[in-house]
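# Structural features, examined
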Amino acid sequence: MPRISVLDCPGCPPLRLLSFDVLGLVKVIEVHGEKGKPEVVQKWGHPDSKRSILATSLSAHSQNPRLAVGRKNGVVEILDPTNGTVCSTHEIGSTELSESANGPSPDNDHIVGLHMFGRNSSNKFLACTEKGNAIIRSFEMEHANSISLPLDSPHGWKICGSGSVSCCEVDGTEKYAAFGGKGIEMNTWDLEKGTKLWTAKAPPRNSMDLFTPTWVTAVTFLSKEDHRKIVIGTCQHEVRLYDIAAQRRPTLSFSFQEHPIKVVEEDLDGYTVYVGTGSGDVASFDMRTGKLLSSFKGKCSGSVRSIVRHPGLPLIASCGLDRYLRIWDIKTRQLLASVFLKQQLTSVVIDSNFTAAKPTIDTDTTDVNSDKIELEISKAADVERNELSAGSRRKSSKSDMKRHREKDRSNPKLEKKKSKINF
């Protein structure tokens, strides 16, 4: 029999998370109470593998929050994250991308990167496809399920001529973006001008004079306010730090485990990153020295596909192909809570505007249910009385038995009879 270790989950503070899976479903998970457990409170959409969610982006404005969802069929939906209403729908088709990027785009050109612009409350999003087609589109917020027309002509460009893009990330100022993929070295672009700023240089040959093929699987900016330092993960289970102001080759590189790096997420301190692998390992590193800070307890049984850091609490949430959504404490590395969501998960986001509502008492129902409450209270009191009486009887019977034993010991005749019988 295999050894099974069970971890105690103490619970987590009030949270609201949105998970996305391979069947195109969006599930809302909420946690109430100081040490509550996550529960699925809403489910948006219908299961359809053709509408699998491949990329997501949340612009958490307190007045006008927006959620962008990129699906497998080439459709980008703008949702209201509070109730799941579809505000606008956009088709990122082959014809539009070929015209905007000046190149052909096949029908199987899936969306791999998505970013919802949140600065200045602009209704724009960036979409990047597997074949290297990037497009920025403006839209109107209309609560309708019909296809929405853009406000102006989309601005697009071609990232690469060969290879396939695997990851895309936009910095905090929303002026620069980083791209990478299979056969595509790390490169950054100016989103306002649509020009390439910097391209990484291929790593040198190893000790056996063999060239390692390029395959970038994850990318993030070390600090959202600084676009010069970029952290990537590779299929060769390497984590690299690039400083575009210093050199084209990585300033720091190290290996982690023996499986591809699937997720890289930055922390708020500006030097810590969280790494998720294809084998389910989650760890944090100090990118100033490359030192392993912590490995989070409770290993996942499937590939990690998404890690998100809470902006106000010392928590991270992760999900992956094992169908579990997990919430971790970054200080103690302890698993606070987990929930099974049935489908393979592709992404998770945290709603930072969520505040747990206090329980309210409905005055109309209290009068109606007062009799029932009194009956339940009386029944509970009767049960407690019966238990107390039974316990007192047991105690009295035990005390009587002790008294009889003491009398027998004090009587010498009975002791002699017992000794003869035993002999």
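Residues numbered from 1 in each chain as written. Predicted model: local features only at pLDDT ≥ 70, side-chain atom pairs only at ≥ 80, totals over all residues. Heavy atoms only, no water.

Under an unreviewed UniProt entry, the name given to the protein chain is WD repeat-containing protein 74, and the source organism is Taxus chinensis.

Looking now at the sheet that holds strand β3 (residues 39-44). Read from one edge of the open sheet, 4 strands run β3-β2-β1-β28, paired in antiparallel fashion. Looking along the sheet, the strands with just one partner apiece sit at the ends: β3 and β28 (345-350). Ignoring strand direction, the axes of neighbouring strands in this sheet form an average angle of 25°. Across 6 bridges, the pairing between strand β1 (residues 15-21) and strand β2 (residues 26-31) is antiparallel. Paired with Arg16 across the two strands is Glu30, which belongs to β2. (Pairing = 2+ DSSP bridges. Helix = DSSP H or I, 4+ residues; strand = E, 2+ residues; numbered from the N terminus. Axes fitted to C-alpha atoms, helices over the stretch in contact; angles between N-to-C directions.)

Before going further, it helps to examine the nonpolar core. Among the nonpolar cores identified, the biggest contains 18 residues, and Cys12, Leu15, Leu17 and Leu325 are the most heavily contacted of them. Elements represented by at least two residues in this core include exactly β1, β2, β25 (315-320), β26 (324-329), β27 (335-340) and β28. Counting residues in each nonpolar core, the second largest holds 16 residues, with Ala134, Ile159, Ala177 and Ile184 among its members. (Core = buried A, V, L, I, M, F, W, Y, C linked by side-chain atoms within 4.5 Å. Buried < 20%, exposed > 50% of the residue type's maximum accessible area, 1.4 Å probe, protein only.)

Within this numbering scheme, the UniProt entry marks residues 301-338 as carrying the feature "repeat: WD" (unreviewed entry). Secondary structure within residues 301-338 divides into 0% helix and 58% strand; the distance between the first and last C-alpha atoms comes to 13 Å. (UniProt positions renumbered as here; feature names shortened; annotations may be inferred.)

A few words on the side chain of Thr129. Mapped onto the elements of the fold, Thr129 is located in strand β9 (residues 124-129). In terms of polar contacts, Thr129 uses its side chain to reach the side chain of Asp109, at 2.9 Å. (Polar contact = N/O pair within 3.5 Å; in protein donor to acceptor, adjacent residues only side chain to side chain.)

As a further point, take unusual backbone geometry. The phi angle of most residues is negative, glycine excepted, and most peptide bonds adopt the trans form. Within the chain, Arg323 stands out as a residue other than glycine whose phi angle is a positive 75°. With respect to the secondary-structure elements, Arg323 resides in the loop between β25 and β26. Not every positive phi belongs to a glycine, and Lys342 is a case in point at roughly 75°. Relative to the assigned elements, Lys342 resides in the loop between β27 and β28. On the basis of relative accessibility, which here comes to 61%, the residue Lys342 falls in the exposed class.

Another point: the pairing of strand β14 (residues 184-190). Burial within β14 is extensive, with 7 of its 7 residues counted as buried. Sheet analysis places strand β13 (residues 176-182) next to β14, joined by 5 bridges and oriented antiparallel. Paired with Ala178 across the two strands is Thr188, which belongs to β14. Once β13 ends, the chain turns through 1 residue before running back antiparallel as β14, passing Gly183 with a positive phi of about 80°. Bridge count between β14 and strand β15 (residues 195-199): 4 bridges; the pairing is antiparallel. Considered in β15, the bridge of Trp189 is made with Lys196. Remark: 4 residues form the turn of the hairpin made by β14 and β15, two consecutive strands paired antiparallel; Gly194 in that turn has positive phi of roughly 70°.

Applying the stated criterion across every chain yields a total of 0 disulfides. Here Cys167 stays free of any disulfide, with the sulfur of Cys168 as its closest cysteine sulfur at 8.0 Å. (Disulfide = S-S within 2.5 Å.)

With the rule as written, the count across this model stands at 12 salt bridges. Here Arg51 and Glu77 are joined by a salt bridge, their closest N and O atoms 2.5 Å apart. Placement of Arg51 in the loop between β3 and β4 (53-59) and of Glu77 in strand β6 (residues 75-79) is noted, with a sequence separation of 26 residues between them. Looking at Glu77, the relative accessible area reads 8%, which means it is buried. Ionic pairing is found between Lys224 and Glu169, a salt bridge with its closest N-O pair at 2.6 Å. On the criterion of sequence distance, the pair formed by Lys224 in the loop between β16 (216-223) and β17 (226-234) and Glu169 in strand β12 (residues 164-170) is long-range, its members being 55 residues apart. Three or more residues joined by partner-sharing salt bridges are found here, namely Arg16, Glu30 and Asp351. (Salt bridge = Lys/Arg side-chain N within 4 Å of Asp/Glu carboxyl O.)

Our focus in this paragraph is the environment of Arg240. Residue position: Arg240 is located in strand β18 (residues 238-243). Sequence-wise, Arg240 and Phe254 are 14 residues apart; in three dimensions their C-alpha atoms are separated by 6.8 Å. With residues near it in sequence (within four places) discarded, Arg240 still touches Pro203, Ile230, Val231, Ile232, Thr234, Pro250, Leu252 and Ser253. A polar contact of 2.9 Å, which involves the side chain of Arg240, links it to the side chain of Glu238. (Contact = heavy atoms within 4.5 Å.)

Averaged over the protein chain, the pLDDT score is 82; the fraction of residues at 70 or greater is 74%. In this model residues 97-106 is a low-confidence stretch, pLDDT under 50, and it forms 25 contacts with partners more than four residues away in sequence or in other chains. Here residues 143-150 is a poorly scored stretch, pLDDT under 50, and it has 17 contacts once near neighbours within four places are set aside; other chains count. (pLDDT = per-residue confidence, 0-100.)

Let us look at the packing of aromatic side chains. A full pass over the atoms with the stated rule returns 8 aromatic pairs. Centre to centre, the rings of Phe256 and Phe285 are 5.2 Å apart; their planes meet at 80°, and the pair counts as edge-to-face. Of the two residues, Phe256 is situated in the loop between β19 (252-255) and β20 (261-266) and Phe285 in strand β22 (residues 282-286); the sequence distance between them amounts to 29 residues. Judged by relative accessible area, which is 7%, Phe256 ranks as buried. Consider the rings of Tyr274 and Phe296, whose centres lie 6.2 Å apart with planes at 50°: the pair is tilted. Of the two residues, Tyr274 sits in strand β21 (residues 272-277) while Phe296 sits in the loop between β23 (291-295) and β24 (304-309), which places them 22 residues apart along the sequence. A residue is classified by how much of its surface remains accessible, and Tyr274, at 3% relative accessible area, is buried. On the accessibility criterion, Phe296 (7% relative accessible area) is buried. Put simply, the rings of Phe254, Phe256 and Phe285 pair up and form one aromatic cluster. Cation over ring: Arg288 sits above Tyr271, and NZ or CZ is 3.7 Å from the ring centre. (Phe/Tyr/Trp six-rings, centres within 6.5 Å; stacked < 30°, edge-to-face > 60°. Lys NZ or Arg CZ within 6 Å of the ring centre and 35° of its normal.)

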